Amino acid sequence: RCAHGNCFLVDRDFEFGDEPVMLCVQEGRLVEFSKRIAAGITYDWCGESVGFFRFTPAMAQRLAARTATFVAAGRRDAPYEDAIRELLLEDGAAFGYEDVTGLPWIEIDFPDDVRRARDDILHRIESP
């Protein structure tokens, strides 16, 4: 259970690279959410965003409105994380996170990921 109305899930056991979307934390507060950490961002630690979120109805409305501005500006191909990142940077205190390091999860982007989920992850969820 997440104690925060607007919550990210973060796994601290990850490998830096081009693929992970990172969450950076400074003094217990989220300060970055991106595949590339912006210059000048200072943080105590980073983890990978699992890609599941919880938003309050008010934040979901703000996210929908922000997404509409992206579409209106011709940014239809922007990653969804960009809209969420803007809200985080505007109002970081409105967001929290839960550390899921060590829990079984997998991002499924490719057919091989489905196999790995079935063969390596599913049994860990069914019998922890």
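Since the structure is predicted, the reported quantities are computational estimates derived from the model, not experimental observations.

## Quick look at the state of the cysteines
In step 1: One pass over the structure, following the stated rule, counts one disulfide.
In step 2: Between the sulfur of Cys24 and that of Cys46 lies a disulfide, 2.4 Å long from S to S. Here Cys46 lies in strand S4 (residues 45-54) and Cys24 lies in strand S2 (residues 22-26), a separation of 22 residues in the sequence. Of the two residues examined, Cys24 and Cys46, each falls in the buried class.

## What about the sheet that holds S4?
By definition, the strands of a sheet pair up through backbone hydrogen bonds, in either a parallel or an antiparallel sense.
In step 1: Taken together, five strands build an open sheet; the order of strands is S3-S2-S4-S1-S5 and the sheet is mixed. Here the strands that pair on one side only, and so sit at the sheet edges, are strand S3 (29-34) and strand S5 (96-99). Within the sheet, the average angular offset between the axes of one strand and its neighbour, ignoring direction, is 40°.
In step 2: Alignment of S2 against S3, held across five bridges, turns out to be antiparallel. The partner of Met22 across the bridge, within S3, is Ser34.
In step 3: Contacting strand S1 (7-11), S3 and S4, helix H2 (residues 80-90) runs over the sheet at an angle of about 155° to S3.

## Focus on the nonpolar core
In step 1: Counting 17 residues, the largest nonpolar core has Phe8, Leu23, Leu30, Phe33, Leu88, Phe95 and Tyr97 as the members making the most contacts within it.
In step 2: At the level of secondary structure, the elements contributing two or more residues to this core comprise S1, S2, S3, helix H1 (57-72) and H2.
In step 3: Here the element with the most residues in this core is H2; it accounts for four residues.
In step 4: Residues in contact with Leu30, not counting those within four places in the same chain, are Phe8, Leu23, Cys24, Val25, Leu88, Phe95, Gly96 and Tyr97.

## Side note on the pattern of salt bridges
In step 1: Scanning all chains against the criterion turns up 13 salt bridges.
In step 2: A salt bridge links Glu90 to Arg62, with the shortest nitrogen-to-oxygen separation between them at 3.5 Å. Taken together, the residues Glu90 in helix H2 and Arg62 in helix H1 connect sequence positions 28 residues apart.
In step 3: Glu90 serves as the salt-bridge partner of Arg66, at 2.8 Å between the closest nitrogen and oxygen. Linking Arg66 in helix H1 with Glu90 in helix H2, this pair joins segments that are 24 residues apart in sequence.

Rules of the game
- Residues numbered from 1 in each chain as written.
- Predicted model: local features only at pLDDT ≥ 70, side-chain atom pairs only at ≥ 80, totals over all residues.
- Heavy atoms only, no water.
- Disulfide = S-S within 2.5 Å.
- Helix = DSSP H or I, 4+ residues; strand = E, 2+ residues; numbered from the N terminus.
- Buried < 20%, exposed > 50% of the residue type's maximum accessible area, 1.4 Å probe, protein only.
- Pairing = 2+ DSSP bridges.
- Axes fitted to C-alpha atoms, helices over the stretch in contact; angles between N-to-C directions.
- Contact = heavy atoms within 4.5 Å.
- Core = buried A, V, L, I, M, F, W, Y, C linked by side-chain atoms within 4.5 Å.
- Salt bridge = Lys/Arg side-chain N within 4 Å of Asp/Glu carboxyl O.

From the geometry alone we can't say anything about function, so treat these as descriptive.
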